[in-house]
Amino acid sequence: MRYGMLIDYGLCTGCKSCEVSCRKEKGLTLEEWGILVEQIGPKRLAGEWEWDFVPVPSRLCDLCEERRAEGKKAACELHCLAQVIEILPLEDLGRRMAELDHGKVSCFLPR
Amino acid sequence: MQIPEGEYRVGTDDDYYVRTNVWSAPGCHGAACGAILHVKDGKLVDIEGDESNPITNGRLCIKCLGIPEYQYHPDRILYPMKRDPKDRGKNTWERITWDEAYDLIEENYYKVREKSGTNNAVLTLGGTGREATMFYPVISFADFRSANVAAPISGDSCYGPRCMIASYMFGTGYPEVDSGMFFNKKYDDPRFERSEYMIIWGSNPLVSNPAGYFGHQIIDMMKMGTKIIVVDPQITWLGSRAEYVLQLRPGTDAALALGMLNVIINEDLYDHDFVEKWCYGFDELSERVSEYPVERVEEITQVPAELIRKAARAYATADGTGRNCSIFMGVAMEMQVDCVSDIQAVLSLIAICGNLDVPGGNVVGPRASFTGAWRYEQIKWVSEEDKKGRIGEEREPIERNALSNVQSDAILPELELPDDERTVRMIWFNSCNALVCMPAEPQRWIEACKKMDFNVVQDLFLTPTAMALCDLFLPVATFPEHDGIVQIHYGRHTPYLGAEVKALDYGETKSDLQVTFELGKRLNPEAWAQFETIEDFMDDQIAPTGLTFDELRHEGILSFDGWNYKKYETGEMRADGQVGFDTITGMVELYSMHFEQWCGEPLPKHEPSPFSEEANPEMAAKYPIILTTGGRKWTQFHSEWHQVESMRQIDPWPVLTINPETAAEYGLSEKDWAEVYNDTGKARLKVHVSTVIKPGMVHATHGWWFPEQDGEAPNYFGAFKSNINTLLPNDSIGRMYKGAPYKSNLCNIRRVRSLDED
Ligand code: SF4
Ligand code: SF4
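In what follows, the accompanying structure is described. (Residues numbered from 1 in each chain as written. Chains lettered and ligands numbered in written order. Predicted model: local features only at pLDDT ≥ 70, side-chain atom pairs only at ≥ 80, totals over all residues. Heavy atoms only, no water.)

1. Some remarks on the interface of chain B and chain A
Of the residues lining the interface, 34 residues belong to chain B; the matching set on chain A comes to 31 residues. Carbon and sulfur atoms make up 60% of the area that chain B and chain A hide from each other, which totals about 2,800 Å². Taken as a group, Leu65, Lys223 and Trp237 of chain B account for 20% of the area that chain B buries against chain A, more than any other trio of residues on that side. Across the chain B-chain A interface, the total number found is 4 salt bridges. Close ionic contact of Arg67 of chain A with Glu48 of chain B constitutes a salt bridge, the shortest N to O distance being 2.3 Å. If you list the elements that add at least two residues to the side of chain B that touches chain A, you get strand E4 (43-49), helix H1 (62-65), helix H7 (217-224), helix H8 (237-240) and helix H26 (645-650) of chain B. Considered class by class, the residues forming the side of chain B that touches chain A number 15 nonpolar, 11 polar and 8 charged. (Contact = heavy atoms within 4.5 Å. Buried area = accessible area lost by both parts, 1.4 Å probe. Salt bridge = Lys/Arg side-chain N within 4 Å of Asp/Glu carboxyl O. Helix = DSSP H or I, 4+ residues; strand = E, 2+ residues; numbered from the N terminus. Nonpolar A, V, L, I, M, F, W, Y, C, P; charged D, E, K, R; others polar.)

Listed below in structure tokens is the structure:
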């Protein structure tokens, strides 16, 4: 079954637990990343504050295949302080996005 | 990794997993975050979140994730060390045994006691956050039998004042926002209701996890629909998600809260039933708030009057949903001279709106807490004479009634006295890096502390304080290296009790409890006679739960399922079991007779910071920029973590946040170095230009030193290069000696080439 990563980034607080726990899980150096948290804002947009943290997985992300085979959550999914990361079967992603309905949800389908 | 229920350790002798609840060291507030430690061949190889922990459900912040890197950092001190007092400031430390260390302490303790003729010759200074906060009063009272103990922060402006004010107004412990902590099933328990609005007042709890509250519970509740109102001079991330942001001028929180009370009382939005039954002094409060019409409050706070009205109405009415609302208070409330008033006013808001101890409001624990005693009541080992002779006794009776610490601002002048007039001759720095963190005017502290005959430090790294001042270094165990008990809210509101479980030994480190205990056995054995081991002590601490420490360890975390709301109606709040509150009047004391007696002011009122345009126009002309300090970072806990590479990569330098308009005025651009200065001190930080802050003010991060730099005198790891506390004069404090303007000072700024070059 194909899986994807859903990130409800509208509530991502920029804590970087995903970045740090992934690096630890995958044994990456400080120059490498399996997922990286980018920041947009804070700026005023049409009079309101726009400030997003946007976690973006890299090509090194394999959705923690090994961990999930052992029945564990992916490292980022487990440690995310805002609990906004979910690894889901491909066919469930659309439904879950609609369910969250925050306007700011992203999906990744690593190869 | 999951540990089966009822177990705390699985695996083989040389490859195993241990379940623990985190407190310290390194520093944190003891939110009882759940972690699973993986030990292989005697080494901590990994840490993971524990999904079975009811508060964190597997979540961990980057500091916990970084613990192996912290624990095995090459600079970590693993053995006791001594240094000749003549060599202070030189890296001439020499490894010794614990026995030699205790001998040295004993020898010097008797010497200084003899010289001063009192046990008060020893002053214990406790740092914030770490488990040391539970034990430094005990070291002072039960071991040294000295009354001189404090957390050396100006105006005692930590978590203490709000606890003290809550205890006088409500007769309770800490009124925390309801996060389902009364129930095992937490949010899923039908008795729990989320707040309709939560006001985040002077805090960034997502980052700081203050006082035992795991901050991301707020995100949990936002997902359920809780709306946020933020009171903060800066736009925080939570502010960007808030319904209302009240971006007030620093140091004007009391005026804002009084303005909100004014709206709520005049528009008749308060809870009549609660006020009539349970509040004392409502008429006096109403009269006081009439002095704060919102238009005047707008002038003081710079928050638009209409916004104040909207926020006040939202909080008082919960938009007619029938739900309740809560207020999350940050330490910014203490870090201004209005400390007593702003807390009094905010607690009054909670009370008169009927939001006290109700679902979705601010809730409090029952009288009988989980744990036994062994903290401030240990002052019983101090003689009456020594109690009277302690530092700042003239600032009594407030302290004696409220906290047993000495008033912090009285310490520095005492230390500065000439040798023959001074009582204090020895300082015990308990997880306290005072030169970099906490005290105002650390540049005076360093000189004053150098005058001592003997100084001891308990810490994990050679800090500037250790390097400059101490003669004995006692290495502290990290949380994987010792057993302990996590009492969230420092036992002042403890719906959870967690076992901190030792996973391994490393070097010759010892926990705060172990040192307190072993030293006590030598210096004052009578106090400790009932315990043979520290496990006996922990058993005694948690005896009210009916568990032993070993049983708690197997349990993992204990939650007191089923605390009642509205305990003032059930008699659970008073010692005598009667309904009502545990105060003199049996009611919520909006009008405090205690405060009236101590400072002549029973009610909240706004007074400007001594360092502001209104109070000091002369200074404001010379130093036109408002300086606020101390915003928290994910990567640091006060002055800790600077040597850990993965954290330093994220936050490499101290940061000065400045509005683009003000930056342009001073010729500053992003990443420039700037010097912030006033008549008292100066500090250099890297500029961050952002509109999250208003023009005319700057925010500076705190707690900076540079472990990569020369640690010897006079550099002390660069402890005075970016030290923002050097700009704050000691003893510029609020009424009842509470609150200091860490958040509302004045400064000027200039561009410099670097940390070192002009
Ligand atoms: S799923 Fe695993 S590999 Fe992918 S970003 Fe998360 S932690 Fe890294
Ligand atoms: S761990 Fe979660 S909240 Fe933290 S930065 Fe990553 S996605 Fe955002």
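2. Re the site of ligand 2
Cys12, Cys15, Lys16, Cys18 and Cys80 of chain A are the nearest of the 13 residues found near ligand 2. Tallied by class, the residues present in the shell around ligand 2 amount to 9 nonpolar, 3 polar and 1 charged. (Near = heavy atom within 4 Å.)

3. Notes on the site of ligand 1
All names here are of chain A. Taken together, the neighbourhood of ligand 1 is formed by Met5, Cys22, Lys26, Gly34, Ile35, Cys61, Asp62, Leu63, Cys64, Ala74, Ala75 and Cys76. Of all the secondary structure elements, the ones that give two or more residues to the shell around ligand 1 are helix H1 (17-26) and helix H3 (75-79). Considering only residue class, the shell around ligand 1 consists of 9 nonpolar, 1 polar and 2 charged.

4. A closer look at the nonpolar core
All names here are of chain B. Residues Trp201, Leu256, Met260 and Ile352 are the most contacted members of the largest nonpolar core, which totals 188 residues. If one sorts the elements of this core by residue count, helix H14 (residues 339-352) sits on top with 10 residues. Not counting residues within four places of it along the chain, the set of residues in contact with Met260 comprises Ile199, Trp201, Leu246, Ile308, Ala311, Ala312 and Leu349. Counting 36 residues, the second-largest nonpolar core is a separate cluster that includes Leu125, Ala410, Ala468 and Phe717. (Core = buried A, V, L, I, M, F, W, Y, C linked by side-chain atoms within 4.5 Å. Buried < 20%, exposed > 50% of the residue type's maximum accessible area, 1.4 Å probe, protein only.)

5. Considering the side chain of Thr118 of chain B
All names here are of chain B. With respect to the helices and strands, Thr118 occurs in the loop between helix H3 (98-116) and strand E7 (122-126). By relative accessible area, Thr118 is classed as buried at 14%. Reaching out from Thr118, the side chain makes a polar contact with the backbone nitrogen of Asn120 at a distance of 2.8 Å. If sequence neighbours within four positions are ignored, Thr118 has contacts with Arg113, Asp386 and Thr423. (Polar contact = N/O pair within 3.5 Å; in protein donor to acceptor, adjacent residues only side chain to side chain.)

6. Points about helix H12 (residues 294-301) of chain B
Residues and elements named next belong to chain B. Those residues of H12 not exposed but buried are Val294, Val297, Ile300 and Thr301. For H12, the buried positions fall inside an angular range of 110° around the axis, keeping them on one side. Buried residues belonging to H12 abut helix H9 (253-266) and helix H13 (305-317). (Arc of directions from axis to C-beta.)

7. Comments concerning the packing of helix H4 (residues 132-144) of chain B against helix H20 (residues 512-523) of chain B
Residues and elements named next belong to chain B. Following both chains from N to C, one finds H4 and H20 inclined at 5°, their axes separated by 10 Å at the closest point. The angle between H4 and H20 places the two elements in the roughly parallel class. Between H4, through Ala132, Phe135, Val138, Ile139, Asp143 and Phe144, and H20, the contact on the second element is made entirely by Asp512, Leu513, Val515, Thr516, Leu519, Gly520 and Leu523. Looking at the contact of H4 with H20 residue by residue, the class counts come to 9 nonpolar, 2 polar and 2 charged. (Axes fitted to C-alpha atoms, helices over the stretch in contact; angles between N-to-C directions. Parallel < 35°, antiparallel > 145°, perpendicular 65-115°, else oblique.)

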